[in-house]
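In case you want the letters, here they are:
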Amino acid sequence: MALRGGARSPISALMKRPILIHPDPRLKKVAAPVADLSDARRQLARDMLETMYAAPGIGLAAPQVGVPERLIVLDCVKEEGAEPQPLVMFNPEVVAASDELNTYEEGCLSIPEQYADVTRPAEVQVRWIDESGAEREEEFGGLWATCVQHEIDHLNGKLFIDYLGPMKRQMITRKMVKLKREKAKA
Ligand code: NI
């Protein structure tokens, strides 16, 4: 996930792994559960965090770097100079969601420089496997709740523009097609 004023360019030289840009069939697939935490998967998680910070973004899902597995990374600390709080989640799932809703302006590193209000549950209880292999469960609110839901959506082939009306979604998709065409020429 990205916030307005965040992601500057779809591909930065600092990015460890190139981020796929919508529309791409790999962004529409349901990702597979991670069966074991190999060193390669832990390395992937570290690369994804580095890529996310470089973008800059506050969340990134493995399908966005072309890996069809249930892995997300996030860090929603955005105050300048504040201690980073990177989270790596394998097989994350929302186990409970509040009735109370919250609307945030969302953006996505796979849909650069496009932002729209999305309404989601204000608080969610999430269960996941951390990078040490331990099962964890925590409640998230505020921006963290929005971001973790946005990233888990990616694991199910869903993008934030899928919450918008068809007109808005098509307009954004056309812009991305044009962007990709220009990038291919460059
Ligand atoms: Ni996203």
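The rules behind these values
- Residues numbered from 1 in each chain as written.
- Predicted model: local features only at pLDDT ≥ 70, side-chain atom pairs only at ≥ 80, totals over all residues.
- Heavy atoms only, no water.
- Phe/Tyr/Trp six-rings, centres within 6.5 Å; stacked < 30°, edge-to-face > 60°.
- Helix = DSSP H or I, 4+ residues; strand = E, 2+ residues; numbered from the N terminus.
- Lys NZ or Arg CZ within 6 Å of the ring centre and 35° of its normal.
- Pairing = 2+ DSSP bridges.
- Axes fitted to C-alpha atoms, helices over the stretch in contact; angles between N-to-C directions.
- Buried < 20%, exposed > 50% of the residue type's maximum accessible area, 1.4 Å probe, protein only.
- Donors = N, O, S within 2.8 Å, 3.2 Å for Na, K, Ca; no water.
- Contact = heavy atoms within 4.5 Å.
- Core = buried A, V, L, I, M, F, W, Y, C linked by side-chain atoms within 4.5 Å.
- Expected span 1.5 Å × (residues − 1).

A.B. asks: Residues and numbers for the packing of aromatic side chains, please.
C.D. replies: Per the stated rule, a full pass over the model turns up 2 aromatic pairs. Geometrically, the ring pair formed by W128 and F140 is tilted, given 6.0 Å between the ring centres and 40 degrees between the ring planes. Remark: F140 occurs in strand β7 (residues 135-140) and W128 occurs in strand β6 (residues 124-129); sequence separation between them is 12 residues. In textbook terms, an aromatic cluster arises when at least three aromatic residues are bridged by ring pairs, as seen for W128, F140 and W144. Stacked on the ring of Y163, the Lys or Arg K158 has its end atom at 4.3 Å from the ring centre.

A.B. asks: Any details on the sheet that holds β6? Residues and values, ideally.
C.D. replies: Strand pairing in a sheet relies on backbone hydrogen bonds. The paired strands run either parallel or antiparallel. As summarised here, the arrangement of the 5 strands in space is β1-β2-β3-β6-β7, forming an open sheet in which the pairing is antiparallel. Edge positions in the sheet fall to β1 (59-61) and β7, since each of these pairs with one other strand and no more. Neighbour-to-neighbour, the strand axes of this sheet turn through a mean angle of 40 degrees, independent of strand direction. Two strands pair when backbone bridges link them, and strand β2 (residues 71-74) and strand β3 (residues 87-97) are joined in this way by 4 bridges, in the antiparallel orientation.

A.B. asks: Can you break down the side chain of Q114 residue by residue, with the values?
C.D. replies: In this fold, Q114 is placed in strand β5 (residues 111-121). On the basis of relative accessibility, which here comes to 13%, the residue Q114 falls in the buried class.

A.B. asks: Give a detailed account of the coordination of the nickel ion, specifying residues and quantitative values.
C.D. replies: Surrounding the nickel ion are the protein donor atoms C108 (SG), H150 (NE2) and H154 (NE2), at 2.1 to 2.2 Å. Given a relative accessible area of 2%, H150 falls into the buried group. With a relative accessible area of 1%, H154 lands in the buried category.

A.B. asks: How would you explain the environment of S98 if you had to name every residue and give the values?
C.D. replies: Tracing the chain through its elements places S98 in the loop between β3 and β4 (101-108). When the C-alpha atoms of S98 and H22 are compared, they prove to be 30 Å apart, with 76 residues separating the residues in sequence. In this structure, S98 is in contact with P121, A122 and E123, ignoring residues within four places of it in sequence.

A.B. asks: Can you explain the pairing of β6? Please cite residues and give values.
C.D. replies: Residues V124, V126 and W128 line the buried face of β6, whereas the alternating positions Q125, R127 and I129 sit on a face that is not buried. Summarising the sheet, β6 and β7 pair through 6 bridges and their orientation is antiparallel. When the bridges of β7 are listed, V126 appears paired with E138. Where β6 folds back onto β7 in an antiparallel hairpin, the turn is made up of 5 residues, including G133, whose phi is positive at roughly 95 degrees.

A.B. asks: I'd like a description of the environment of C147, backed by residues and values.
C.D. replies: Structurally, C147 can be placed in helix α2 (residues 142-155). Discounting chain neighbours no more than four positions away, the residues touching C147 are M1, I58, G59, L74 and C76.

A.B. asks: Give me the lowdown on the nonpolar core, citing residues and values where you can.
C.D. replies: If you look at the biggest cluster of nonpolar residues, it comprises 21 residues, and the most contacted ones within it are I72, L74, M89, V126, F140 and V148. Contributing elements (two or more residues each) for this core: β2, β3, β6 and α2. In terms of residue count, the dominant contributor to this core is α2 (7 residues). Once residues within four sequence positions are removed from consideration, V148 is found in contact with I72, L74, M89, V124 and V126. Membership of the second largest hydrophobic core comes to 20 residues, among which are L49, A55, V65 and V88.

A.B. asks: Could you give an account of the pairing of β3, naming the residues involved and the relevant values?
C.D. replies: Along any regular strand the residues' side chains alternate between the sheet's two faces. Sheet topology places β3 next to β6; 5 bridges connect them, and they run antiparallel. Of the residues in β6, the one forming a bridge with A96 is Q125.

A.B. asks: Quick one: what's the story with α2, residue by residue and with numbers?
C.D. replies: Taking 1.5 Å per residue as the helical rise, α2 with its 14 residues ought to reach 20 Å, and the 21 Å between its terminal C-alpha atoms agrees with that figure. Most of α2 sits inside the fold, with 13 of its 14 residues counted as buried. One or two steps after α2, the chain reaches G157, where phi turns positive at roughly 75 degrees.

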